[in-house]
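A look at the structure
One-letter residues, chain by chain:
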Amino acid sequence: MDFTAIILLVSFFVLLFLNVPISICIGLATLLSLVMHMDFTPASMTIAQQMAGGIDSFALLAIPFFILSGLIMGQGGIAKRLIECAMALIGSLPGGLALVNVMSCMLFGAISGSAVAATSAIGSFMVPEMKKHGYSAEFGAAVTAAAATTGMLIPPSNILIIYAIASGGVSIAALFIAGYVPGILVGLALMMVCSLYAIHHKYPVTARLPIKVALEKVLAAFPSLLLVFIVIGGIIGGIFTATEAGAVAVLYALALSVGIYKEISVKELPTLFLKACETTAIVMLIIGASSAMSWLLSYTHIPQIISEFFLTLSDNPLVVLLLINLILIVVGAFIDMTPAVLIFTPIFLPVAEQFGMSPIQFGIMIVLNLSIGLVSPPVGSVLFVSCAVAKTSIHKIIKPMIPLYIVMFIVLMLVTYVPAISEALPRLFGFIE
Amino acid sequence: MHKFMLLITTVLEKILMLTMAAIVITVTWQVFSRFIIQSPSSFTEELARFLLIWIGILGAAYAYKTKAHLGLDLFVSSLAPVRKKKALILIEFLVMIFAGGVMVYGGTLLVAMNVELKQTSAALGLNMGLIYSAIPLSGTLIVLFCLDNITQLLKSTTELENTVEGES
């Protein structure tokens, strides 16, 4: 049994470092390990069956919808209005433009579920603007990337849906509402760093907008922000499922961008649909392949073996949880968030539960942890998009990233050791007894 | 072969766009039928799930064509052109093992088993073999894309050098 685990692990990493697509790495490693236990024919059939079975879920349907609505909002003038709203609210504070960048990313995260979409939508406008006012492109790119990850926690969030499935049925509504406080906490921590950085570098402070203009800007963003109340209100109030909310979000985004703002023409829609299909398919193939892998894992009792191993290491929850976090940070630097959540949730969740952590808190912890990986070299996808948008390079962006990594890690530790940060809101709304 | 694959890609694009539109309409109809006309639709949930399988599995072939799948590009991109070419061909072969062995072979057997056992879905009464047929179809397309990529790689070294320069 240990032998299977070794084959699975070694073949997975060899394939991964060969730059085989990660979904295929998972699939091939699973196939290789499975033929140790059975003939090739039942092994290949089992994997094919698990691939389709893993995708066959109504909850997962929310993902293409939030991807599509994110794409529409990124192009449809919604991002611009959110930025102007943030500008009117906090633009005149020290480091105002950097704060506006963070807040816009958070607002964008609150209406869409993709950090990459937030990075390109907000960054492509905010980084040039910051450069114009004396900020360095590297700092602008670093802030955008780090701030965009708050969208992973602030609902709607595709990764929390994926976690809900990987964890075997934590309520999506509970996870969504649990994400608000940690997400906002990360945003505030990043803002604090930005302000100190701007004061230290004596960046100019933008003049306050006249109150009437400011009010107009906030009102102009109102239709976009109304989506939050419809989608999240609908899910938390039990009026519709996350999937149905996703469909409503697509329609709403279409109505705003095509009908009211007129920034997307009907002719551009097929391209957006295709792009959404592509992104969805990448995620779905990973989910399908991971579903085959987790079937293999439970077939060979690998999670139990790892759990027992952790329990022999230490019986101190502080130590074990720190260890899990450190492993996940390393994992997150190499493996994208979706496969990392799918592979490591079944392995680490039982360990965390042994130490009294709730599946909701663990979900928030793993997502926040892997968010750091999204903005870390060598593979952090958000970091790469942000560098591309800011026209700078990865090695230049690391230095301004360091203080941002530090505050993200501090919030991660708070989330790990203070259950109330994740659980107070779901408890208030009756999702936890 | 390459021109044929471009044609296939265009057809695939059209199918995916339409499936995406269909999935949005299906779930919208589900919401609409429940709230506005007060008679919850019974088939939409199942239909939407099946469409998602098709988008996910068939879209995977399209994403393979557009090289959109996530990977870990640490070493291969920094190899010298000749070695890089060998590594890229090796990757295509590894992908073909999965696409051919699991998706085409295992997928076809899965479809055949479901057709033989007359497994039908609960609400729509569709044979599950029909739904699962996305797997061998997508596997076949991925194998074809791999073969096309390999022939393109073998055909010209100059093209390869250009892409190396473009990436650095």
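Residues numbered from 1 in each chain as written. Chains lettered and ligands numbered in written order. Predicted model: local features only at pLDDT ≥ 70, side-chain atom pairs only at ≥ 80, totals over all residues. Heavy atoms only, no water.

1. Considerations on the overall build of chain B
Of the regular secondary structure elements, chain B holds six helices and zero strands. Radius of gyration (C-alpha) of chain B: 20 Å, far over the 15 Å computed for a compact globule of 168 residues. Looking at the 168 residues of chain B, the share that counts as buried comes to 47%. In chain B, 75% of the contacts between residues at least 6 apart in sequence involve partners at least 24 apart. (Helix = DSSP H or I, 4+ residues; strand = E, 2+ residues; numbered from the N terminus. Rg over C-alpha atoms; globule rule 2.2 N^0.38 Å. Buried < 20%, exposed > 50% of the residue type's maximum accessible area, 1.4 Å probe, protein only. Contact = heavy atoms within 4.5 Å.)

2. Considering the interface of chain A and chain B
Taken together, the contact between chain A and chain B spans 55 residues of the former and 54 residues of the latter. Across the interface of chain A and chain B, roughly 5100 Å² is buried in total on both sides, 81% from carbon and sulfur atoms. Taken together, chain A and chain B are joined by two salt bridges. If you list the elements that add at least two residues to the side of chain A that touches chain B, you get α1 (2-17), α2 (22-34), α3 (40-55), α4 (62-75), α13 (242-260) and α14 (269-299) of chain A. Residues belonging to the side of chain A that touches chain B are distributed by class as follows: 42 nonpolar, nine polar and four charged. (Buried area = accessible area lost by both parts, 1.4 Å probe. Salt bridge = Lys/Arg side-chain N within 4 Å of Asp/Glu carboxyl O. Nonpolar A, V, L, I, M, F, W, Y, C, P; charged D, E, K, R; others polar.)

3. Digging into the packing of helix α11 (residues 172-200) of chain A against helix α18 (residues 359-374) of chain A
Residues and elements named next belong to chain A. It is the contact of α11 with α18, at a shortest axis distance of 10 Å, that shows an interaxial angle of 45 degrees. By the angle between their axes, α11 is oblique relative to α18. For the element pair α11 and α18, the recorded crossing hand is right-handed. Between α11 and α18, the residues in contact are A174, L175, A178, G179, P182 and V186 and I360, I364 and L368, respectively. (Axes fitted to C-alpha atoms, helices over the stretch in contact; angles between N-to-C directions. Parallel < 35°, antiparallel > 145°, perpendicular 65-115°, else oblique. Left-handed = near helix turned anticlockwise from the far one by under 90°.)

4. Examining a nonpolar patch on the surface
All names here are of chain A. A grouping of L318, V319, L322, L326, I402, I406, I410, L414, Y417 and V418 is seen on the molecular surface, where their side chains present a nonpolar patch of about 800 Å² in accessible area. Elements with a contribution of two residues or more to the nonpolar patch: α16 (317-334) and α20 (394-417). In terms of residue count, α20 provides more of the nonpolar patch than any other element does, five residues in total. Along the chain, V418 turns up in the loop between α20 and α21 (419-428). (Patch = residues over 30% accessible without salt bridge, like charges linked within 9 Å, V, L, I, M, F, W, Y side chains within 5 Å. Areas by Shrake-Rupley, 256 points an atom, 1.4 Å probe, with all protein chains shown as cover.)

5. Quick word on the packing of aromatic side chains
Residues and elements named next belong to chain A. Under the counting rule described, the total for this entry stands at 14 aromatic pairs over all chains. With a centroid separation of 5.0 Å and an interplanar angle of 15 degrees, the aromatic rings of W295 and Y299 are classed as stacked. With W295 and Y299 both in helix α14, this residue pair falls four residues apart, about one helical turn. Looking at W295, the relative accessible area reads 26%, which means it is partly exposed. (Phe/Tyr/Trp six-rings, centres within 6.5 Å; stacked < 30°, edge-to-face > 60°.)

6. Re the confidence of the model for chain A
When the pLDDT values of chain A are averaged, the result is 90; 100% of them are 70 or greater. Taking the mean pLDDT of every element in chain A, the minimum, 82, falls on helix α15 (residues 302-313) of chain A and the maximum, 96, on α18(A). (pLDDT = per-residue confidence, 0-100.)

7. Description of the layout of surface pockets
All names here are of chain A. For the second largest pocket, the calculated volume is near 510 Å³. Considering the residues around the second largest pocket, the lining is formed by 21 residues, among which L9, F13, I306, F344 and I347 are closest to the centre. Within the residue set of the lining of the second largest pocket, elements represented by two or more residues are α1, α14, α15, α16 and α17 (337-354). Examining the composition of the lining of the second largest pocket, we find that six residues originate from one element, α1, more than from any other. Classifying every residue of the lining of the second largest pocket by side-chain character gives 21 nonpolar, no polar and no charged. (1 Å grid on protein atoms, 1.4 Å probe; cavity = no way out; pocket = protein on both sides within 12 Å on 5 of 7 lines; lining within 4 Å. Points joined across faces, edges and corners; volume = space filled by probe spheres on them.)

8. Some details on the nonpolar core
Counting residues in each nonpolar core, the largest one holds 228 residues, and the members touching the most others are A:F12, A:F108, A:L190, A:F362, A:M401 and B:I23. The contact partners of A:F108, leaving out residues within four places of it in the chain, are A:G70, A:M73, A:G74, A:A79, A:L82, A:A117, A:A118, A:A121 and A:I122. (Core = buried A, V, L, I, M, F, W, Y, C linked by side-chain atoms within 4.5 Å.)

9. So, unusual backbone geometry
The linkage connecting A:P155 with the following residue, A:P156, adopts the cis geometry, with an omega of -5 degrees. Tracing the chain through its elements places A:P156 in the loop between α9 (150-153) and α10 (158-166). For A:K202, which is not a glycine, the phi torsion comes out positive at approximately 55 degrees. Locating A:K202 in the fold gives a position in the loop between α11 and α12 (211-236). For B:K67, which is not a glycine, the phi torsion comes out positive at approximately 55 degrees. Counting through the fold element by element, B:K67 comes out in the loop between α2 (44-65) and α3 (81-116). Relative accessible area serves as the criterion here: at 60%, B:K67 is assigned to the exposed category.

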